[in-house]
Amino acid sequence: MTTTIRPWAETDLPLLVRANAPAMTEYIGGPESEQKVLERHQKYLRFVKEEQAGIFAIELDGVPVGGVNWWQSRWNDEDTLETGWFVLPEAQGRGVAAAGAAAALDDARRRSERRHILAFPATANLPSNALCARLGFAHLGEEEFPYRDTVLHVGVWSLHLDDLS
C-alpha cells in the first residue's frame, strides 16, 4: 500500500463531488451546492497554476482517494499557513490521511516562507483531531470558527514547520 500526493488536476472534480456527501461534510456544516463544489475545484486549479498554495490529491496505489491542502492564512493578527484534508470512506482508517498530510506539510516546509501552520478540525471530528496530534501539532485550545455559511466549534492545532524532521 503506497500513499502519495500530486498536484490537484482537472480530473479531480469527482473527488470533491464525493467529498460533498452528507457523511463526509458532517463536521463542516453539510454539503455545498454543485455550483460551490465546481467553484472550489476551479479555485484549486487556479492555486496550483499560480503556485499560491499546496493543493493536492491523495492517491493510494495510484488511485485518487482524497485531498490535502495548505494555503496562506491569517490568525490572531499573524500571517500563517492553514491546512485541511479529506479521505474518502473506503480509504479511511488505513493511514492515508496521515501519509498525505505529512507529505503536504513537508511541501509547505520546503516551498513557503511562512513557518507556522494551523489546523482547525471540528472538536467532534475525533479522527482529524487525533491526526493533528499524530503529526506533531500542539493543541492550543478551542474556538468558534466561521466556515462557509456557519460557525464551527473547532480545535486549534499549531505546528512550526521547522520542527519537522
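None of the values given here were measured: they were computed from a predicted structure.

A word on the sheet that holds strand β7 (residues 150-160). Spatially, β1-β2-β3-β4-β5-β7-β6 is the arrangement adopted by the 7 strands of the open sheet, whose pairing is mixed. If you trace the sheet from one side to the other, it starts and ends with β1 (3-7) and β6 (138-147), each paired once. Put simply, the sheet's adjacent strands are angled 30 degrees from each other on average, direction ignored. Two strands pair when backbone bridges link them, and strand β3 (residues 63-75) and strand β4 (residues 78-87) are joined in this way by 10 bridges, in the antiparallel orientation. Within the sheet, the bridge partner assigned to S73 lies in β4 and is T80. Contacting β1, β2 (54-60), β3 and β6, helix α2 (residues 34-50) runs over the sheet at an angle of about 105 degrees to β2. Of the strands in this sheet, β4, β5 (116-119) and β7 touch helix α4 (residues 126-135), which is tilted by about 10 degrees from β7.

Its 17 residues give α2 an end-to-end C-alpha distance of 24 Å, which sits within 8% of 24 Å, the value for a rise of 1.5 Å per residue. Within α2 the residues assigned to the buried category are V37, R40, H41, Y44, L45 and F47. Projected down its long axis, α2 carries its buried residues within an arc of 160 degrees, all on one side. Turning to α2, the residues buried within the fold contact α1 (13-19), β2, β3 and β6. Positive phi shows up at E51, right after α2, with a value of about 55 degrees.

A few words now on the pairing of β4. Among the 10 residues in β4, 7 count as buried, and that is most of the element. Between β3 and β4, which pair antiparallel and follow one another directly, the connecting turn spans 2 residues, one of which, N76, has a positive phi of 50 degrees. Strand direction decides the pairing type here: β4 and β5, joined by 3 bridges, are parallel. Looking across to β5, one finds that T83 is bridged to A119. Remark: the β4/helix α3 (residues 96-111)/β5 crossover connection has right-handed handedness.

Cut-offs and rules
- Residues numbered from 1 in each chain as written.
- Predicted model: local features only at pLDDT ≥ 70, side-chain atom pairs only at ≥ 80, totals over all residues.
- Heavy atoms only, no water.
- Pairing = 2+ DSSP bridges.
- Helix = DSSP H or I, 4+ residues; strand = E, 2+ residues; numbered from the N terminus.
- Axes fitted to C-alpha atoms, helices over the stretch in contact; angles between N-to-C directions.
- Contact = heavy atoms within 4.5 Å.
- Expected span 1.5 Å × (residues − 1).
- Buried < 20%, exposed > 50% of the residue type's maximum accessible area, 1.4 Å probe, protein only.
- Arc of directions from axis to C-beta.
- Right-handed = clockwise from strand over helix to strand, strands pointing away.

Honestly, it's all geometry; don't read function into it.
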